[in-house]
Structures are given as C-alpha cells and as structure tokens.
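Geometric and topological summary
Each chain, letter by letter, is given below.
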Amino acid sequence: SSTEFQVRQGNEFTTTIYIADNANIIDFEVLLKYDTDKLTLISATENENIKGAVVINAENAGSIGINYSKTSDNVIKKTLLVDLTFRVDEYLPAGIYDCLTVDQAGSYIAHRLVNGLLEEVDFNCEFAPLSIYEIGDVDLNNKVDIGDATYIRRHLAKLHTLTEFQLLFANTQNDDVVDIADAVALQRGRLGQRQQTSTYRQ
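For the structure given in this document, a descriptive report is provided here. Here the structure is a predicted model, which means the values were calculated and not measured.

Quick notes on the rules
- Residues numbered from 1 in each chain as written.
- Predicted model: local features only at pLDDT ≥ 70, side-chain atom pairs only at ≥ 80, totals over all residues.
- Heavy atoms only, no water.
- Helix = DSSP H or I, 4+ residues; strand = E, 2+ residues; numbered from the N terminus.
- Buried < 20%, exposed > 50% of the residue type's maximum accessible area, 1.4 Å probe, protein only.
- Contact = heavy atoms within 4.5 Å.
- Phe/Tyr/Trp six-rings, centres within 6.5 Å; stacked < 30°, edge-to-face > 60°.
- Salt bridge = Lys/Arg side-chain N within 4 Å of Asp/Glu carboxyl O.

Before going further, it helps to spend a moment on the environment of Val-82. Here Val-82 shows up in strand S7 (residues 79–88). Since its relative accessible area comes to 0%, Val-82 is described here as buried. Considered as a pair, Val-82 and Ile-17 are 65 residues apart in the sequence and their alpha carbons are 5.1 Å apart. Non-local contacts of Val-82, meaning those with residues more than four positions away in its chain, are made with Thr-15, Thr-16, Ile-17, Thr-45, Asn-47, Val-54, Ile-56 and Ile-66.

Have a look at this one:
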C-alpha cells in the first residue's frame, strides 16, 4: 500500500510504499508502473525506518522495481519501505487517476518463511488513486454544488473550520481571500478563473 498525500497540480508530493500489518511475508518482488503523462518521478529512496533490505530500480521512466527481504522472520507489523516523490502535471484535468499500478507482466512474487523454508504466497497491492478536484469543490466530493457554498458560509460563521487544503478550493474568485463573495459566486454558478488542484485522500 501507499501512504496518503496532498498536493496541488504542478507541485511535488511524496508517498511511502509500505507492508501492512499481519502481511506475514518475508520477501517480495514487484514492478510498479506510473503514467509519465501525468506524473514525473523525482526520487525513489529507501525509507529511513526500514527494517530489512530493499533494492529499488527506477532507471526506466514509467516503472519502479522494488525487491524487499527481511533477514530473520516474516513481517507482522507495518513496515515502511520506499519513499517515492512525484510531480503532478500542471494541466491534468479533473478526474480520478491511478497513481501506481502493478505490472503483471513483470516480476510479481512473494514468500513467507515456514519452518525455515520459503513458501511462495499470493500478495495484493492496493494503491490510492490520484484525485483532481475543481475550484469550488470545497467538500472534496468531486462535484461543485450548493453544498460547497454552505461549507464556506459555515466556515465564515465559525461553525466549521475548513482545512488549509479545502481553503484552496473555497477561493472561487481567485483573489487569495475566502469571504462571502466566494459563497455567493458558488450559489449563482459564477466562479472566477477556474483552477484545479490534486490530492489523494483515503
């Protein structure tokens, strides 16, 4: 799996590939893919808290090979492995995209240790999507509607606090200020210059 991240289009984000609790494997090898039209890999490095050994191959654009082994026993607790830093294309339109996928034609194998012997096992990779939201989508539900104006009004009345990330979408007039004009613009369907922002939220 991969950790959560939030990022604006054109900016960088880092996500960490990890083994989940109770995985009960001692090693694995996998080739991951990403879309170079949407993402640019900036770096792929071993996590500083890793327990075991990992080899990373990211020489070919669009793919990341990871080979991991624990030296003594099966992994039973969440284990951080590889930190991946990407940049999101600044012109990526609103939508939901795969961030990482498994190359089924490449290396894809795992083992667990049973009575001192390696036993091949199936394993699953589930990576979060990359979601691109529109300005005005304050509640981050992939649509801009009257509910978003309500979020802004409740925030201004101090009945609800928008996160720093939500405030990016609440600034519908693109004037660096979130105020009643932004809520009114949403209600009337008249937004300022539209921009988009990307995030992953689990």
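After presenting the structure, the write-up continues.
Further remarks concern the packing of aromatic side chains. Applying the stated rule across the entire model yields eight aromatic pairs. Residues Tyr-133 and Phe-169 carry aromatic rings whose centres are separated by 5.9 Å and whose planes lie at 85 degrees to one another, so their mutual orientation is edge-to-face. A residue pair is termed long-range when its members are at least 10 positions apart, and Tyr-133 in strand S12 (residues 129–134) and Phe-169 in helix H2 (residues 164–170) qualify at 36 residues. Judged on exposure class, the residue Tyr-133 and its partner Phe-169 are both buried.

This next bit is on the pattern of salt bridges. Two side chains that carry opposite charge are able to pair once their charged atoms sit near each other. All chains considered together, the criterion is met by three salt bridges. With a shortest N-O distance of 2.7 Å, Lys-38 and Asp-35 are connected by a salt bridge.

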